[in-house]
Amino acid sequence: QVVLISIGQESDIDKAVELHAQFQYHVTHWVILSPINLTGKLTTLNSSWVVLSKPVRQRIFHSILRDIVEGTVRMTAGAAANMKERDETQLTGSGHILVVEDNHTIQQQMRKILMNSGYLVDIAGNGKEALECIERVQYDLCLMDMFMPVLDGQQTTRQIRA
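Residues numbered from 1 in each chain as written. Predicted model: local features only at pLDDT ≥ 70, side-chain atom pairs only at ≥ 80, totals over all residues. Heavy atoms only, no water.

Engineer: Let's hear about the overall build of the chain: which residues, and what values?
Structural biologist: What the chain contains, in helices and strands, is six helices and six strands. Shown N-terminal to C-terminal, the secondary structure of the chain runs as helices and strands in the order β-α-β-α-β-α-β-α-β-α-β-α. Across the 162 residues of the chain, 48% fall into the buried class. Within the chain, counting contacts between residues at least 6 apart in sequence, those at least 24 apart form 68% of the total. Within the structure as shown, the chain displays about 8600 Å² of accessible surface, and the carbon and sulfur contribution to it stands at 48%. (Helix = DSSP H or I, 4+ residues; strand = E, 2+ residues; numbered from the N terminus. Buried < 20%, exposed > 50% of the residue type's maximum accessible area, 1.4 Å probe, protein only. Contact = heavy atoms within 4.5 Å. Areas by Shrake-Rupley, 256 points an atom, 1.4 Å probe, with all protein chains shown as cover.)

What follows is the structure, encoded as structure tokens:
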């Protein structure tokens, strides 16, 4: 399970810390997108977080996702913020990813980025749809929004883990 959190302001850090405390034993990877001025504050919070400074270069985002799917993530908090771009020849992904997101624009952006990187992508608009997808398909990775209508990311994660 991967949680992708986009931080916009300093008050969002507390929300991210609360989510981590609640789901630290159920989520294997935490990817935090943060404005550059807040990245330093996040890197000291938890060593299980990969912190990326916004705007995130597509190559770096793809590289992190590929490492998660392949099980080769060995990054500590903040390491990705200083990560050098990898060789283009290494940027071919494979795997099946479920994106759970209620915002149509973000759905389409994620689909485009991931498909252009070689991944097969399914989209679910809320947690209920995600559970239905997971019953039918074995995914390599699930990127889940935490705040959605019908069934939010927290409730969905609990049901997946049950």
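Engineer: I'd like a description of helix α5 (residues 127–136), backed by residues and values.
Structural biologist: Buried within α5 we find G127, A130, L131 and C133. All buried residues of α5 fall inside an arc of 160 degrees around its axis, so they share one side. When the buried face of α5 is taken as reference, the exposed residues oriented beyond 90 degrees from it are E135 and R136. Looking at the buried side of α5, the elements it contacts are β4 (96–100), β5 (120–124) and α6 (153–161). Capping of α5 at its N-terminal end is provided by N126; its side-chain oxygen lies 2.9 Å from the backbone amide nitrogen of K128. (Arc of directions from axis to C-beta. Polar contact = N/O pair within 3.5 Å; in protein donor to acceptor, adjacent residues only side chain to side chain.)

Engineer: Give a description of the layout of surface pockets that names residues and reports values.
Structural biologist: Think of a ball as big as a water molecule: rolled over the atoms, this probe shows where empty space is left. By volume, the largest pocket amounts to about 600 Å³. Forming the boundary of the largest pocket are 25 residues, of which L4, I5, S6, L33 and E101 lie nearest the centre. Only β1 (2–6), α1 (11–23), α3 (58–70), β4, α4 (104–116) and β6 (141–144) provide two or more residues apiece to the lining of the largest pocket. Considered class by class, the residues forming the lining of the largest pocket number 17 nonpolar, three polar and five charged. (1 Å grid on protein atoms, 1.4 Å probe; cavity = no way out; pocket = protein on both sides within 12 Å on 5 of 7 lines; lining within 4 Å. Points joined across faces, edges and corners; volume = space filled by probe spheres on them. Nonpolar A, V, L, I, M, F, W, Y, C, P; charged D, E, K, R; others polar.)

Engineer: Quick one: what's the story with the pattern of salt bridges, residue by residue and with numbers?
Structural biologist: Evaluated as defined, the whole model comprises one salt bridge. Here E132 ties to K128 by a salt bridge, and the two come within 3.6 Å at their closest N and O atoms. With E132 and K128 both in helix α5 and four residues apart, this pair spans about one turn of that helix. (Salt bridge = Lys/Arg side-chain N within 4 Å of Asp/Glu carboxyl O.)

Engineer: A description of the side chain of Q154 should follow, citing residues and the corresponding values.
Structural biologist: Tracing the chain through its elements places Q154 in helix α6. Excluding anything up to four places from it in sequence, Q154 contacts L19, Q22, F23 and M146.

Engineer: Could you give me a rundown of the packing of α3 against α4, with the residues and numbers involved?
Structural biologist: Helix-helix packing: each pair is described by the crossing angle between the helix axes and the interaxial distance. Contact geometry of α3 with α4 gives a least axis separation of 10 Å together with a crossing angle of 75 degrees. One way to sum up the angle between α3 and α4 is to call them roughly perpendicular. Contacts from Q58, F61 and L65 of α3 reach α4 at M110, I113, L114 and N116. Residue composition of the contact of α3 with α4, by class: five nonpolar, two polar and no charged. (Axes fitted to C-alpha atoms, helices over the stretch in contact; angles between N-to-C directions. Parallel < 35°, antiparallel > 145°, perpendicular 65-115°, else oblique.)

Engineer: Please give an account of the confidence of the model for the chain that cites residues and values.
Structural biologist: Parts of the model with low pLDDT should not have their predicted coordinates read in detail. Of all residues in the chain, 76% have pLDDT values of 70 or greater, and the mean over the chain is 75. Mean pLDDT values for the elements of the chain range from 67 in helix α2 (residues 36–43) up to 93 in α5. This model gives residues 75–91 a pLDDT under 50, and the stretch forms 36 contacts once residues within four places in sequence are excluded. (pLDDT = per-residue confidence, 0-100.)

Engineer: Pulling in residues and values, what's your account of the pairing of β1?
Structural biologist: Here β1 pairs with strand β2 (residues 29–35) via five bridges, running parallel. Considered in β2, the bridge of V2 is made with H29. (Pairing = 2+ DSSP bridges.)

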